[in-house]
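# What the coordinates show
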Amino acid sequence: MGHDLSAPAELSFRRYGEDAPPHVHAFDQIVLPRRGVLEMEIEGRGGRVDPGRAAVVPPGARHAFAASGENLFVVADIGGALMKPFERLRERPFAPVTGAVRGLLDYLAGEAPGAIEDGVASLWTPLLLRGLSAAPIRVDPRLARAAALIEARYDRPLTVRDLAAEAGMSQSRFFARFSEAYGTTPHAALSNARLRAAQRLLSDTSLSIAEIAVRTGHGDQSGLTKRMKAALGVTPGAWRKGRG
């Protein structure tokens, strides 16, 4: 794929392998999730592209990435003046995938693998930038406390009531504010935390899949398998094999 970007944006589906060497490029790049998880480091700041997050790589930013197992991402390479109204996106390397952005990703589901035609890219990319820029840059610290509770207690039952109490908000207000700030519901955030934990244990331990399912709050092996198939397109066994 060339990167002269005579068109305002180039859009493509890409799959990644392990440990790409650090590099830079002269255009903005946004990496969005379709299937799998992409670990990234952008100017020394680590994070990941997963069902709830996208990566924003500004021009000249040194970055590296790695993925394993079956994966698929949407990549927008953006040049010219298209990014100018949305330059605030460059202030953070990882942005929440809001409902609006998720809808745009679903729209591309029927496109063929590889490069996406320029006509689609020219219409789709400005909507993407608008959707990403609508997510708040600063998160209310009360919501951050609830998000931290999810990361610490994903293995145990957690309800919206528990999380709202941690944030000191009513359940309805908490649900609305959390969804707005993180671009996903509290339940989906909990589900994603459990999935990430299962991926780590599958990669780094020899625990049985059934034990991993219990330890990560999935209940049993069938629950974990169903979740991984839906989110990543692979079974726990296939994920473990791919990481071996």
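Preceding this section is the structure that the text describes.
Heads up: these notes are all about the structure in this document. Values in this document were obtained by computation on a predicted structure and should not be read as measured data. (Residues numbered from 1 in each chain as written. Predicted model: local features only at pLDDT ≥ 70, side-chain atom pairs only at ≥ 80, totals over all residues. Heavy atoms only, no water.)

### Here's the deal with the packing of aromatic side chains
We apply this condition: The criterion for an aromatic pair is that two Phe, Tyr or Trp rings (for Trp, the six-membered ring) have centres within 6.5 Å, with stacked assigned to planes under 30 degrees apart, edge-to-face to planes over 60 apart and tilted to the rest. Working definition: helices are DSSP H or I runs of at least four residues, strands are E runs of at least two. Numbering for both runs from the N terminus. Each residue is placed in one exposure class: buried if its accessible area under a 1.4 Å probe, protein chains only, is under 20% of its type's maximum, exposed if it is over 50%, and partly exposed if it falls in between.
Summed over all chains, the structure comprises three aromatic pairs. For the pair Tyr-16 and Phe-65, a centre-to-centre distance of 4.8 Å together with 65 degrees between the ring planes defines the contact as edge-to-face. Linking Tyr-16 in the loop between β1 (9-14) and β2 (20-23) with Phe-65 in strand β7 (residues 63-66), this pair joins segments that are 49 residues apart in sequence. Here Tyr-16 and Phe-65 have matching classes, each one buried. A ring pair is formed by Tyr-16 and Phe-73, whose centres lie 5.8 Å apart and whose planes are at 50 degrees; its orientation type is tilted. Remark: Phe-73 occurs in strand β8 (residues 72-78) and Tyr-16 occurs in the loop between β1 and β2; sequence separation between them is 57 residues. Relative accessible area serves as the criterion here: at 14%, Tyr-16 is assigned to the buried category. A residue is classified by how much of its surface remains accessible, and Phe-73, at 0% relative accessible area, is buried. Grouping aromatic residues by their ring pairs yields a cluster made of Tyr-16, Phe-65 and Phe-73.

### Structural notes on the packing of helix α1 (residues 99-107) against helix α2 (residues 118-133)
Operational definition: With axes taken as lines fitted to C-alpha atoms, and helix axes fitted only over the stretch in contact, angles between N-to-C directions fall between 0 and 180 degrees. Working rule for angles: under 35 degrees goes down as roughly parallel, over 145 as roughly antiparallel, 65 to 115 as roughly perpendicular, anything else as oblique. Should the near helix be turned anticlockwise from the far one by less than a right angle, the crossing is termed left-handed; should it be turned clockwise, right-handed. Every residue pair with non-hydrogen atoms within 4.5 Å of one another is taken to be in contact. Asp, Glu, Lys and Arg are counted as charged, while Ala, Val, Leu, Ile, Met, Phe, Trp, Tyr, Cys and Pro are counted as nonpolar; the rest, among them Gly, fall into the polar class.
Here α1 crosses α2 at 160 degrees, and the two axes come no closer than 9 Å. In terms of orientation, α1 and α2 fall into the roughly antiparallel class. Here α1 and α2 pass one another in a crossing that is left-handed. Each of Val-101, Leu-104, Leu-105 and Tyr-107 in α1 lies in contact with α2, whose residues at this interface are Val-120, Trp-124, Leu-127, Leu-128, Gly-131 and Leu-132. Looking at the contact of α1 with α2, its residues break down into nine nonpolar, one polar and no charged.

### Quick look at the sheet that holds β2
In plain terms, the rule: Should DSSP find at least two bridges between two strands, the strands are taken to pair.
Spatial strand order, β2-β7-β4-β5: four strands in an open sheet with antiparallel pairing. Each edge of the sheet is formed by a strand with only one pairing partner; in this case those strands are β2 and β5 (45-49). Neighbour-to-neighbour, the strand axes of this sheet turn through a mean angle of 20 degrees, independent of strand direction. Taken together, the two bridges between β2 and β7 define a ladder with antiparallel strand orientation. If you follow His-23 over to β7, its bridge partner there is His-63.

The analysis is restricted to geometry; functional conclusions fall outside its scope.
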